[in-house]
Protein chains: 2
Amino acid sequence: MGTVDIPGVMLTPLKSIFHPKGDVFHAMKTGDPGFTGFGEAYFSTVNHGDVKGWKKHRRMTLNLVVPAGEIWFVLHDDRNGSPAKDSFFDVTLSPGNYQRLTIPPGIWVGFKGLGKQLNLLLNLADLEHDPAESENIPLDRIPFDWSRK
Amino acid sequence: MGTVDIPGVMLTPLKSIFHPKGDVFHAMKTGDPGFTGFGEAYFSTVNHGDVKGWKKHRRMTLNLVVPAGEIWFVLHDDRNGSPAKDSFFDVTLSPGNYQRLTIPPGIWVGFKGLGKQLNLLLNLADLEHDPAESENIPLDRIPFDWSRK
């Protein structure tokens, strides 16, 4: 299990198991770091060069894995009282850097598709989707240089 | 929710939501048909033309979705007392035929990669992986014409 500077955000290396007919990739077990319950699993894709964001969940903890392509995640903490207030954290996930990114409620999240083909993330969320518990703001509302990658 | 002929096996159509930057695909919510608890989520891939099988779980219920590629699933029921004893059921899943396949314990499962690129399945299982509760037998132990597709 890795830790990053924003309290509650975690990176956990995951196992991929070679199989000559096709590999197996772990995603999450109930005993794993970052598991806070199961509410819903869904996939999101992001086209090459496109950025989705910013989005913040008020109650949901996200657990993100990238089994195909390459996705650059950028997190921003503007929580009052957080020791990481106003800081950013970013990480690029792919089957080649196969880790689970745990994001607690209250953190702004954006992500960009870096792979030229399918960029796929799975979110194992502890709540069912509920538009009332999330907030979306336009990308330019939190200044960040998305052209860096 | 669809039903098939083997008792306990279910096909449930899932929503995919168009987004200009990349679509979103539902996988499972706790209230969904076929949900019997969350134990582990993992991915399995299967190369073009390869067949993985046969495998039977004694206690695990599988919930399978295919967010990339095209996978042909073949199920065989040899449960004593089942009205479907000795029958087969098969279905091909892909983002174009986006359904969740629920497989109760006690059913033999094999699957073949049909797509030329990544063929990816997600299993949302109600138990953590435990080699003691599953059984593997060679493909030729249950006669089936895998060359049909």
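Keep in mind that what you see is a predicted model, and the values were worked out from it rather than measured.

Rules used in this analysis
Residues numbered from 1 in each chain as written. Chains lettered and ligands numbered in written order. Predicted model: local features only at pLDDT ≥ 70, side-chain atom pairs only at ≥ 80, totals over all residues. Helix = DSSP H or I, 4+ residues; strand = E, 2+ residues; numbered from the N terminus. Rg over C-alpha atoms; globule rule 2.2 N^0.38 Å. Contact = placed C-beta atoms within 7 Å. Least-squares fit on C-alpha atoms with pLDDT ≥ 70 in both. pLDDT = per-residue confidence, 0-100. Buried ≥ 20, exposed ≤ 12 C-beta atoms within 10 Å, placed from the backbone. Pairing = 2+ DSSP bridges. Core = buried A, V, L, I, M, F, W, Y, C linked by C-beta atoms within 7 Å. Axes fitted to C-alpha atoms, helices over the stretch in contact; angles between N-to-C directions. Nonpolar A, V, L, I, M, F, W, Y, C, P; charged D, E, K, R; others polar.

**Q** Please explain the overall build of chain A as it appears in this structure.
**A** Within chain A, the secondary structure is distributed over 0 helices and 13 strands. Each helix and strand of chain A, placed in order from N terminus to C terminus, yields the pattern β-β-β-β-β-β-β-β-β-β-β-β-β. Over its C-alpha trace chain A gives a radius of gyration of 15 Å, about what one expects of a compact globule, namely 15 Å for 149 residues. Considering only C-alpha atoms, chain A reaches an extent of 50 × 35 × 30 Å along its principal axes. In chain A, once contacts between residues fewer than 6 apart in sequence are set aside, the share between residues at least 24 apart is 80%.

**Q** Explain the relation of the copies chain B and chain A to me, please; I cannot follow it from the model alone.
**A** When chain B is brought onto chain A, the operation consists of a screw motion whose angular component is 180 degrees and whose axial shift is 0.0 Å, with 0.0 Å RMSD remaining. As the rotation angle and translation indicate, the two copies are arranged about a two-fold axis. Measuring from the rotation axis to each C-alpha of chain B, the shortest distance belongs to Phe38(B), at 3.3 Å. Of the residues that chain B buries at the interface, 100% are likewise interface residues in chain A, meaning the two copies contact each other through the same surface.

**Q** Just checking my understanding: could you explain the confidence of the model for chain A for this structure?
**A** Close inspection of predicted coordinates is inappropriate in any region flagged by low pLDDT. Here chain A shows a mean pLDDT of 96. Residues at 70 or above account for 97%. As a predicted assembly, this complex carries a pTM of 0.95 together with an ipTM value of 0.94.

**Q** Got a minute to help me understand the pairing of strand S5 (residues 40-45) of chain B in this structure?
**A** Sheet faces and side chains relate simply in a regular strand, where the side chains alternate between the two faces. By the criterion of burial, S5(B) is predominantly enclosed, with 6 of the 6 residues buried. By the alternation rule, side chains of S5(B) split into Glu40(B), Tyr42(B) and Ser44(B) and Ala41(B), Phe43(B) and Thr45(B), which are all buried. Summarising the sheet, strand S4 (residues 24-29) of chain A and S5(B) pair through 5 bridges and their orientation is antiparallel. From the neighbouring strand, Phe25(A) faces S5(B), where its bridge partner is Phe43(B). Sheet topology note: the S5(B)/strand S12 (residues 120-125) of chain B ladder contains 6 bridges and is antiparallel.

**Q** Quick question: what am I supposed to make of the nonpolar core here?
**A** Soluble globular proteins: nonpolar side chains tend toward being buried together. Residues Ala27(A) and Ala27(B) are the most contacted members of the largest nonpolar core, which totals 70 residues. In contact with Ala27(B), not counting residues within four places along its chain, are Ala41(A), Tyr42(A), Phe43(A), Leu14(B), Val65(B), Leu122(B) and Leu124(B).

**Q** Looking at this structure, I do not really get the sheet that holds strand S6 (residues 51-57) of chain A. What am I missing?
**A** Each strand in a sheet pairs with its neighbour through backbone hydrogen bonds, running either in the same direction (parallel) or in the opposite one (antiparallel). Residue and element names in this part refer to chain A. Spatially, 5 strands are ordered S9-S8-S11-S6-S13 in an open sheet, and the strand pairing comes out antiparallel. The open sheet has two edge strands with one neighbour each: strand S9 (87-93) and strand S13 (134-136). Across this sheet, the average inter-strand angle for adjacent strands is 25 degrees, counted without regard to direction.

**Q** Sorry if this is basic, but what is going on with the environment of Lys112(A) here?
**A** Residue and element names in this part refer to chain A. By secondary structure assignment, the location of Lys112 is in strand S11 (residues 108-113). Sequence spacing of Lys112 and Phe73 is 39 residues, and the spatial spacing of their C-alpha atoms is 6.7 Å. Not counting residues within four places of it along the chain, the set of residues in contact with Lys112 comprises Val46, Asp50, Val51, Trp72, Trp146 and Lys149.

**Q** Just to check I follow, could you spell out the interface of chain B and chain A for this structure?
**A** Accessible area lost when the parts come together is the quantity often used to give the size of an interface. Each side of the interface is counted separately: chain B has 30 residues, and chain A has 30 residues. For the side of chain B that touches chain A, the elements supplying multiple residues, two or more each, are strand S4 (24-29), S5, strand S7 (62-68) and S12 of chain B. Residues belonging to the side of chain B that touches chain A are distributed by class as follows: 15 nonpolar, 8 polar and 7 charged.

**Q** In this structure, what is going on with the sheet that holds strand S13 (residues 134-136) of chain B? I would like to understand it.
**A** Residues and elements named next belong to chain B. Spatially, S9-S8-S11-S6-S13 is the arrangement adopted by the 5 strands of the open sheet, whose pairing is antiparallel. The sheet is open, and its two edges are formed by strand S9 (87-93) and S13, each paired on a single side. Looking at each pair of strands side by side, their axes are set apart by 25 degrees on average, direction ignored. Taken together, the 3 bridges between strand S6 (residues 51-57) and S13 define a ladder with antiparallel strand orientation. By the bridge assignment for S13, Lys56 is matched with Glu135.

**Q** Explain unusual backbone geometry to me, please; I cannot follow it from the model alone.
**A** In this chain, Gly53(A) is followed by Trp54(A) through a cis amide linkage whose omega measures -10 degrees. Non-glycine residue Asp86(B) carries a positive phi angle of around 75 degrees. Along the polypeptide, Asp86(B) turns up in the loop between strand S8 (71-77) and S9.

**Q** Can you walk me through the pairing of S12(B) in this structure?
**A** Residue and element names in this part refer to chain B. Counting buried positions along S12 yields 5 of 6 residues, so the element is predominantly enclosed. As paired strands, S7 and S12 are joined by 3 bridges and run antiparallel to one another. Its bridge partner being in S12, Ala68 is matched across the sheet by Leu120.

**Q** Looking at this structure, how should I read the environment of Gly69(A)?
**A** Residues and elements named next belong to chain A. One can find Gly69 in the loop between strand S7 (62-68) and strand S8 (71-77). What makes Gly69 buried here is the crowd of 23 C-beta atoms within 10 Å. Separated by 54 residues in sequence, Gly69 and Asn123 place their C-alpha atoms 15 Å apart. Beyond its immediate chain neighbours, meaning those up to four positions away, Gly69 contacts Ser94, Gly113, Gly115, Gln117, Leu118, Asn119 and Leu120.

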